[in-house]
Amino acid sequence: MMKKTLSILTLLAAGTVHAAGFSFDTHSARATSLGFATVASMQDSSAIAYNAANILGVEKLDITAGDLITFPRINFTAEGTDRTQAFDTLLAPPPHAFAVYRLNEKMAIGLGLFVPFAAGSKWPDDFDYRTRGYKAQLATYHLNPTFAYQAHPRLRVGVGVSVIRGTVSIERKLNFVSSEGTVELGAGTWGLAYNAGIQLTILDKLLHFGGQFRSPSTLTFKGDVDFKDIPPAFQTQLKDQSAQSTVQFPGSASAGLLFTPSERLSFAFDAKLMLWSTFEEFTIEFEDPSITSPLPKFWENTWNFHLGAEFKVTENFQVRLGTAYDRAPSPESTLSPDLPDADRYRLAAGLGYSINPVRVDLGYQYVFLGKTKSTLPGITGNYDGNGHIFGLTLGYSLK
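The following paragraphs examine the structure supplied in this document. (Residues numbered from 1 in each chain as written. Predicted model: local features only at pLDDT ≥ 70, side-chain atom pairs only at ≥ 80, totals over all residues. Heavy atoms only, no water.)

Before going further, it helps to examine the overall build of the chain. Counting secondary structure elements, the chain contains three helices and 20 strands. Its C-alpha atoms give the chain a radius of gyration of 22 Å, within 12% of the compact-globule value 21 Å for 399 residues. Once the C-alpha set of the chain is aligned to its principal axes, its extents read approximately 75 × 40 × 30 Å. Looking at the chain as a whole, 55% of its 399 residues qualify as buried. Pairs at least 24 apart in sequence give 69% of the contacts found in the chain among residues at least 6 apart. Counting every atom, the chain has about 16,700 Å² of accessible surface; 60% of that belongs to carbon and sulfur. (Helix = DSSP H or I, 4+ residues; strand = E, 2+ residues; numbered from the N terminus. Rg over C-alpha atoms; globule rule 2.2 N^0.38 Å. Buried < 20%, exposed > 50% of the residue type's maximum accessible area, 1.4 Å probe, protein only. Contact = heavy atoms within 4.5 Å. Areas by Shrake-Rupley, 256 points an atom, 1.4 Å probe, with all protein chains shown as cover.)

This is how it looks when you write it as structure tokens:
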């Protein structure tokens, strides 16, 4: 009985209103307002996150830094009932910062700090399934040195390596029938990943193609587990101890087109493949192996699609619009409150204003989470929700 109870302790948190799964793609307010149609379109220092080849869009020096705030809501309605329970709002403000220096006509170097995987959740205290999901936060911080080279007048290439710092904290409730206990886990880890990108000019000043690959990364989280309010009959087994878990974060492959029919108007389209199929199960290995048990996930690879447009009202003022579709990777049979998810539909808008050498970008997204069914035994029902994302990025450029 207790082994079954502890098998539900999951190291990952809910995906709030960002990308499906626990991916996080808001590394620029401009990108946010374009619906993340970025692989061919981003030409400033934030290209470190979206396509390493495009840091060659910087003329001499470019620095960007910013943050965002989210207001998520994910609902769960149990099958056969009209009782709907929702996340409490949990603000998640992961920052982003990038710097690129153009060495000469053919080479540029850069350094970025951003968070490609992040999530946060807090179900209400009376959530019916609080032993399957209650409160958690996850983030992986990437420090990403990058190099780009102009291999041909029409071809740019770029590569990078990420030094990763991963952190997680979770809290779960334990059901002892006549009482309720709590388990808390804090863990951290380090890891490495790499990325590569290309940018190809198909038609001068009219059509460009971009491509990027980001490798998967395997992180082993290690930390301490604290048990609280444990009945005397279970205190020998459920004692404070160390624990670890190995998680393979997915790689991704992206392709994008940038179409510029005039100097003032541009359109961008991206297709992105997230390689979630490596996430087959999750296991926390406790110091006491008798309470270790795997939790099946069997996630599937997914495609997401992005479309954005930018219009230069004046040389200094830009207006942007975007939209995107992002499918959830979890099959119905393993979808649960520890990682609630749903297909995401996005509408985005934003503004940009610059006074040389400074610029300001504002981005907003409304995220609609379509109704997604779970057939997991004992927790059947539907997830849906919505959210708002607000982003601010400041930039400084020297030409």
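Next comes the rest of the description.
Here the focus is the pairing of strand S19 (residues 358–374). The pairing of strand S18 (residues 344–355) with S19 spans 12 bridges and is antiparallel. Looking at the pairing, Arg346 lines up with Val367 of S19. Counted between consecutive antiparallel strands, the loop separating S18 from S19 contains two residues. Here S19 pairs with strand S20 (residues 381–398) via 15 bridges, running antiparallel. Note on S20: the bridge partner recorded for Tyr364 is Phe390. The turn linking S19 back onto S20 is made up of six residues, and Gly378 within it adopts a positive phi angle of 90°. (Pairing = 2+ DSSP bridges.)

Of the consecutive residues Asn356 and Pro357, the connecting peptide bond is found in the cis state with omega at 10°. Turning to its location among the elements, Pro357 is positioned in the loop between S18 and S19. A positive phi angle, close to 60°, is found at Phe36, a residue other than glycine. Position of Phe36 relative to the elements: it lies in the loop between helix H2 (29–33) and helix H3 (47–50). Given a relative accessible area of 4%, Phe36 falls into the buried group. A positive phi angle, near 55°, is found at Asp229, a position not held by glycine. Within the secondary structure layout, Asp229 lies in the loop between strand S9 (217–228) and strand S10 (241–249).

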